[in-house]
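Here is what each chain is made of, one letter per residue.
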Amino acid sequence: AFAGLLLVAPMVRVAPHVRPHKLVELVLHALGCVPILQDLPLFRGKDLAALNYAADAIWRLDEDRRLNALHYWGRLRLRTARSILQATDEISVRMGDLANPLLVL
C-alpha cells in the first residue's frame, strides 16, 4: 500500500488562455473520429517554450532544441491534440476521487 502520491511535472489541465474555443474543440473532436484525418498536422500555434526561461537565460532555448531529442518540435497532430484535451479533462474530473495525500511538483 502507498502512503501518498507524488506527481512530478504532470499535465493536470490545459491553461484556459491556451485551450481552444469550445466550438473549435467540438469540430476537432468530430474530425478526429475520421481515421484518415487523425494524423493530419494542425496549424502551428504560439511557441510557448520561451515562457519556461528567464529573460537572461533565453539563449538556453536554442541549446535545448538542439539537445532534446525526445521533444517533438513539429506541428501538433489532430489525434494528439484530441488526446491531450480528453486526458486533461479526465484527470481534472477525477482529482476529487483521490483519497491519498498528493504532492505535485
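Only a predicted model underlies this, so the values are computations on that prediction, with no experimental measurement involved.

The calculated volume of the second largest pocket comes to roughly 200 Å³. The wall of the second largest pocket is formed by Arg19, Lys22, Glu25, Leu26, Leu28, His29, Ala81, Arg82, Leu85, Gln86 and Asp89. Listing elements by their share of the lining of the second largest pocket, those giving two or more residues are helix H1 (22-32) and helix H3 (78-94). Along the lines of polarity and charge, the residues of the lining of the second largest pocket split into four nonpolar, two polar and five charged.

In this section: the side chain of glutamate 25. Here glutamate 25 shows up in helix H1. In this structure glutamate 25 comes out as buried when scored by relative accessible area, which is 13%. With residues near it in sequence (within four places) discarded, glutamate 25 still touches Arg19, Pro20 and Leu85.

Another point: the pattern of salt bridges. For the structure shown, the criterion picks out four salt bridges. As a salt-bridge pair, arginine 19 and aspartate 89 come within 2.9 Å of each other at their nearest N and O atoms. With arginine 19 in the loop between strand E1 (5-7) and H1 and aspartate 89 in helix H3, this pair connects stretches of sequence that are 70 residues apart. The salt bridge partner of arginine 79 is aspartate 39, with a shortest N-O separation of 3.0 Å. On the criterion of sequence distance, the pair formed by arginine 79 in helix H3 and aspartate 39 in the loop between H1 and helix H2 (59-67) is long-range, its members being 40 residues apart. Connected through shared salt-bridge partners, Arg19, Glu25 and Asp89 make up one network.

The next thing to look at is the side chain of glutamine 38. Secondary-structure assignment places glutamine 38 in the loop between H1 and H2. With near-sequence residues (within four places) excluded, glutamine 38 lies in contact with Gly32, Cys33, Arg77, Leu78, Arg79 and Arg82.

For the rest of this paragraph, the subject is a nonpolar patch on the surface. A contiguous nonpolar surface patch, about 290 Å² in accessible area, is contributed by Leu5, Leu98, Leu102 and Val104. Tracing the backbone through its elements, the reader meets leucine 98 in the loop between H3 and strand E2 (102-104). Using a relative accessible area of 37% as the deciding quantity, one classes leucine 98 as partly exposed.

A separate point is the packing of H1 against H3. Helix packing geometry: the angle between the two helix axes and the distance between the axes. Interhelical geometry of H1 versus H3 gives an angle of 120° and a closest axis separation of 10 Å. One element, H1, and the other, H3, form an angle in the oblique class. Judged by the sense of rotation from one axis to the other, the crossing of H1 with H3 is left-handed. Here Glu25, Leu28, His29, Leu31 and Gly32 of H1 come into contact with H3, specifically with Leu78, Arg82, Leu85 and Gln86. For the contact of H1 with H3, the per-class residue count stands at four nonpolar, three polar and two charged.

Calculation rules
- Residues numbered from 1 in each chain as written.
- Predicted model: local features only at pLDDT ≥ 70, side-chain atom pairs only at ≥ 80, totals over all residues.
- Heavy atoms only, no water.
- 1 Å grid on protein atoms, 1.4 Å probe; cavity = no way out; pocket = protein on both sides within 12 Å on 5 of 7 lines; lining within 4 Å.
- Points joined across faces, edges and corners; volume = space filled by probe spheres on them.
- Helix = DSSP H or I, 4+ residues; strand = E, 2+ residues; numbered from the N terminus.
- Nonpolar A, V, L, I, M, F, W, Y, C, P; charged D, E, K, R; others polar.
- Buried < 20%, exposed > 50% of the residue type's maximum accessible area, 1.4 Å probe, protein only.
- Contact = heavy atoms within 4.5 Å.
- Salt bridge = Lys/Arg side-chain N within 4 Å of Asp/Glu carboxyl O.
- Patch = residues over 30% accessible without salt bridge, like charges linked within 9 Å, V, L, I, M, F, W, Y side chains within 5 Å.
- Areas by Shrake-Rupley, 256 points an atom, 1.4 Å probe, with all protein chains shown as cover.
- Axes fitted to C-alpha atoms, helices over the stretch in contact; angles between N-to-C directions.
- Parallel < 35°, antiparallel > 145°, perpendicular 65-115°, else oblique.
- Left-handed = near helix turned anticlockwise from the far one by under 90°.

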